[in-house]
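Descriptive analysis of the structure
Here are the chains, one letter per residue:
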Amino acid sequence: MELVDSILTRRSIRKFKEEHIPDEQLKKILHAGMSSPSAKGGRPVEFIVVKDKEMLKSLCEGIPFWQTLKDADVCISVVANLKDASEASQTLYMLDCAAATENILLAAHAQGIGACWLGTYRRSVQEERVKTLLKLPEDVLPVTTVALGLPAEDKNSILEYKDDKVHLEVY
């Protein structure tokens, strides 16, 4: 799949088959996440891969919009390790993690793997759940969580280009 096609056809997939993602594909997805841009090269982004079904269920317990984790094959928690982080990383880590998350979503889609971005940053219940269950040290902050699996649903792409959202030279 060409890059632009992958960007234009990617959708959030929330229903997954009971099949496993091959480790080789998962590693390629993680490699894509690590290849994302980083503010001033600070690279605070790290990943926690969760495959354990009981842990996936625990992560989403009582969080309505996270229920897709119950059926996911794996999730990747995208975190920022701020220990010894540069000044840029201290203030822009959430952008680095967002860029890594987008790379993960696109790499998954390009390989036929479904993915759904689950908000974590500044969502107190989700943040606490990830911090506690994944045993994050104090200087490691959860930013996003991505559910992954082989898709059990097809979604049409939504081409949402709107001329009125593009401004030339000034607003």
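Description of the structure in this document. As the structure is a computational prediction, the values presented were derived from the model and not from experiment.

Digging into helix 2 (residues 23–34)
- Its 12 residues place the ends of helix 2 16 Å apart at the C-alpha level, agreeing with the 16 Å of an ideal helix rising 1.5 Å per residue.
- Within helix 2 the residues assigned to the buried category are Gln25, Leu26, Ile29, Leu30, Ala32 and Gly33. Looking straight down helix 2, one finds its buried side chains confined to an arc of 155 degrees; they lie on one side. Structural note: helix 2 exposes Asp23, Glu24, Lys27, Lys28, His31 and Met34 on the side pointing more than 90 degrees away from its buried face.
- For helix 2, the elements touching its buried residues are strand 1 (45–50), strand 2 (74–81), helix 4 (87–110) and strand 4 (140–149).

A look at unusual backbone geometry
- Located in the positive-phi region is arginine 43, a residue other than glycine, with phi close to 50 degrees.
- Mapped onto the elements, arginine 43 comes out in the loop between helix 2 and strand 1.
- For arginine 43, a relative accessible area of 48% gives the class partly exposed.
- A positive phi angle is found at lysine 135, which is not glycine, with a value near 55 degrees.

Side note on the layout of surface pockets
- Roughly 230 Å³ of internal volume is contained in the largest pocket.
- Along the walls of the largest pocket sit 16 residues, with Ile13, His109, Pro151, Glu153 and Asp154 positioned nearest its centre.
- Put simply, the parts of the chain that give the lining of the largest pocket at least two residues each are helix 4 and strand 3 (114–119).
- In terms of residue class, the lining of the largest pocket is made up of seven nonpolar, four polar and five charged.

What about the sheet that holds strand 2?
- Strand order in the open sheet formed by four strands is 1-2-4-3, with antiparallel pairing between adjacent strands. Taken across any chain shown, the strands that pair with only one partner, and hence form the sheet edges, are strand 1 and strand 3. Sheet twist, expressed as the mean angle between neighbouring strand axes with direction ignored, is 25 degrees.
- Direction of pairing for strand 3 relative to strand 4: antiparallel, over a ladder of six bridges. Opposite alanine 115, over in strand 4, you have leucine 148 as the bridge partner.

Describing the nonpolar core
- In this structure, Phe47, Ile76, Val78 and Leu148 are the most contacted members of the largest nonpolar core, which totals 26 residues.
- Put simply, the parts of the chain that give this core at least two residues each are helix 2, strand 1, strand 2, helix 4 and strand 4.
- Broken down by element, this core gets its largest block of residues, eight residues, from helix 4.
- Leave out the neighbours within four places in its chain, and valine 78 touches Val45, Glu46, Phe47, Cys97, Ala100, Thr101, Ile104, Leu141, Pro142, Val143 and Thr144.

Definitions and cut-offs
- Residues numbered from 1 in each chain as written.
- Predicted model: local features only at pLDDT ≥ 70, side-chain atom pairs only at ≥ 80, totals over all residues.
- Heavy atoms only, no water.
- Helix = DSSP H or I, 4+ residues; strand = E, 2+ residues; numbered from the N terminus.
- Expected span 1.5 Å × (residues − 1).
- Buried < 20%, exposed > 50% of the residue type's maximum accessible area, 1.4 Å probe, protein only.
- Arc of directions from axis to C-beta.
- Contact = heavy atoms within 4.5 Å.
- 1 Å grid on protein atoms, 1.4 Å probe; cavity = no way out; pocket = protein on both sides within 12 Å on 5 of 7 lines; lining within 4 Å.
- Points joined across faces, edges and corners; volume = space filled by probe spheres on them.
- Nonpolar A, V, L, I, M, F, W, Y, C, P; charged D, E, K, R; others polar.
- Pairing = 2+ DSSP bridges.
- Axes fitted to C-alpha atoms, helices over the stretch in contact; angles between N-to-C directions.
- Core = buried A, V, L, I, M, F, W, Y, C linked by side-chain atoms within 4.5 Å.

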